[in-house]
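Structural characterization, general
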Amino acid sequence: MSTTSRSTVVIYSGGMDSFTVLHRALHEGLEVHALSFDYGQRHARELEVARHVCQELKIPHQVVDITAIHGLIDNSALTDANRKIPGGDYAEDNLAATVVPNRNMVLLSLAIAKAVNIGASRVDYGAHGGDHVLYPDCRPEFVEQMNAVAAIANFSPVEIHAPYLRSSKSEILADGLSMGLNYRDTWTCYEGRRLACGRCGSCLERLAAFADQGVEDPLAYAANTRQESAIAQADQSGAHQDV
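Per-chain numbering applies: the sequence of each chain, read as written, is numbered from 1 onward. It should be noted that, the model being predicted, local features are given only for residues of pLDDT at least 70 and side-chain atom pairs only at 80 or more, the latter also being counted only at that level, while totals for whole chains, interfaces and linings use all residues. As a rule here, side-chain values cover all heavy atoms of the structure and leave hydrogens and water aside.

**Some details on the overall build of the protein**
Only runs of H or I of at least four residues qualify as helices and only runs of E of at least two qualify as strands under DSSP, and these elements are numbered from the N terminus. Scanning the protein from terminus to terminus reveals 8 helices and 5 strands. Along its sequence from the N terminus, the protein presents helices and strands in the succession β-α-β-α-β-α-α-β-α-β-α-α-α. The burial tally for the protein puts 48% of its 243 residues in the buried class. Taking contacts inside the protein between residues at least 6 apart in sequence as the whole, the part at least 24 apart equals 70%. A 1.4 Å probe rolled over the protein chains alone gives each residue an accessible area, and that area as a share of the maximum for its type sets the label: buried under 20%, exposed over 50%, partly exposed in between. Working rule for contacts: check all heavy atoms of both residues, and any pair within 4.5 Å makes them a contact.

**Some words on the packing of aromatic side chains**
The rule is short: rings of Phe, Tyr and Trp, with Trp giving its six-membered ring, pair when the centres are within 6.5 Å, and they are stacked under 30 degrees, edge-to-face over 60, tilted in between. In total, this model carries 2 aromatic pairs according to the counting rule given. Relative to Tyr-183, the ring of Phe-19 lies with its centre 5.3 Å away and its plane at 65°, an arrangement referred to as edge-to-face. Linking Phe-19 in helix H1 (residues 16-27) with Tyr-183 in the loop between helix H6 (169-178) and helix H7 (201-213), this pair joins segments that are 164 residues apart in sequence. Considering the side-chain rings of Tyr-183 and Phe-210, the 6.1 Å spacing of their centres and the 85° angle between planes classify their relative orientation as edge-to-face. Here Phe-210 lies in helix H7 and Tyr-183 lies in the loop between H6 and H7, a separation of 27 residues in the sequence. On the basis of relative accessible area, Phe-210 is assigned to the buried category, the value being 3%.

**A closer look at the pattern of salt bridges**
Any carboxyl oxygen of Asp or Glu that lies within 4 Å of a side-chain nitrogen of Lys or Arg is treated as forming a salt bridge with it. Applying the stated criterion across every chain, the model contains 9 salt bridges. We note a salt bridge from Arg-24 to Asp-175, for which the minimum N-O separation is 2.8 Å. Highlighted residues: Arg-24 in helix H1 and Asp-175 in helix H6, separated in sequence by 151 residues. One salt bridge in this structure joins Lys-169 and Glu-205, with 3.6 Å as the shortest N-O distance. Within this pair, whereas Lys-169 is found in helix H6, its partner Glu-205 is found in helix H7, the two being separated by 36 residues in sequence. The class of Glu-205 is buried, set by a relative accessible area of 13%. Beyond isolated ion pairs, a larger network of salt bridges with shared partners links Asp-17, Lys-169 and Glu-205.

**Quick look at the environment of Arg-45**
With respect to the helices, strands and loops of the structure, Arg-45 is situated in helix H2 (residues 45-57). In sequence terms Arg-45 and Leu-195 are 150 residues apart; their C-alpha atoms lie 9.8 Å from each other. Not counting residues within four places of it along the chain, the set of residues in contact with Arg-45 comprises Trp-187, Arg-193 and Arg-194.

**Some points on the packing of H6 against H7**
Note on method: axes are straight lines fitted to C-alpha atoms, helices fitted across the in-contact stretch only, with angles between N-to-C directions ranging 0 to 180 degrees. Direction vectors running N to C along H6 and H7 enclose 60°, while the axes themselves pass 9 Å from each other. On the basis of their axis angle, the class for H6 and H7 is oblique. Of the two elements, H6 crosses H7, and the hand of that crossing is right-handed. Residues Lys-169, Ser-170, Leu-173, Ala-174 and Leu-177 of H6 pack against Glu-205, Ala-209, Phe-210, Asp-212 and Gln-213 of H7. Note that the term roughly parallel is reserved for angles under 35 degrees, roughly antiparallel for angles over 145, roughly perpendicular for angles of 65 to 115, and oblique for everything else. We call a crossing left-handed when the near helix sits turned anticlockwise from the far one by less than a right angle, and right-handed when that turn is clockwise.

**Quick notes on helix H5 (residues 140-150)**
Turning to H5, its buried residues number three or more, namely Pro-140, Phe-142, Val-143, Met-146 and Ala-150. Along H5, the residues classed as buried sweep out an arc of 155° about the axis, all on the same side. An arc is given here, and it is the one of the directions from the helix axis to the C-beta atoms.

**Regarding the pairing of strand E2 (residues 31-38)**
Successive residues of a regular strand alternate their side chains across the two faces of the sheet. The buried fraction of E2 amounts to 6 of the 8 residues, a majority that puts the element mostly inside the structure. Being paired, for any two strands, means DSSP has found at least two bridges between them. In the sheet, E2 pairs with strand E3 (residues 61-65) via 5 bridges, with the strands oriented parallel. By the bridge assignment for E3, Ser-36 is matched with Val-63.

**Brief notes about the pairing of strand E4 (residues 120-124)**
Most of E4 is tucked away, with 5 of its 5 residues classed as buried. Relative to strand E5 (residues 159-161), E4 is paired through 3 bridges, and the arrangement is parallel. Note on E5: the bridge partner recorded for Asp-124 is His-161.

**Thoughts on the side chain of Ser-167**
Note that Ser-167 resides in the loop between E5 and H6. In this structure Ser-167 touches His-128, Gly-129, Gly-130 and Ile-172, once residues within four positions along its chain are discounted.

**Examining the confidence of the model for the protein**
What pLDDT conveys is the predictor's confidence in a given residue, as a value from 0 to 100. In the predicted model, the protein carries a mean pLDDT of 84, and the fraction of residues at 70 or more is 77%. Per-element mean pLDDT across the protein ranges from 46 in helix H8 (residues 225-242) up to 98 in H1. In this model residues 234-243 is a low-confidence stretch, pLDDT under 50, and it forms 1 contact with partners more than four residues away in sequence or in other chains.

Spelled out as structure tokens, the structure:
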């Protein structure tokens, strides 16, 4: 099947980064095929959000069950329910436990296969600058090498496109807000509960991005956690100013 530059496969987790990537591709006028993965993540609530958004947008959406590989990638707090999700700032020293071994390599490989299968010339995913310190498979070097492989792995070359590769979470949010996006339909929390915890590193990074943009996060959080997070961010800011 020949490829078309007007079609892309978006790896769509249901989080705010991939939500913005999805809409950025739509704003480019591309034919978007959303692809989500169930790999046994504790925060599978994100998949429910992804389904809802794609139904509302009326775009093709496939959720791929790859839970069979769970035993290969269960050495992570995101895939092992017996391990505690670390709280605190989004930083290497306290969130290393959330690294899922080789996750993006696996997901991108499957997304490339789908792109070739349907004749799409591109795969989009939401790696961003804030992830570089913690996740090797979100760094520019990784994307460059994956692009090199994706160009020769099949008869039809596929481009790996990470539009926010060097952007911060706040910058991604700013772009999404400029497109008029409502981030109520996203899920960021690493805890697999009904309401976002507001305490894990992922929640804190999200709340900080909204605070930086001067906009209230529309997502519902567990009681008092939003206020606690705001206080913690204010304390951290004050500490940095004192240095």
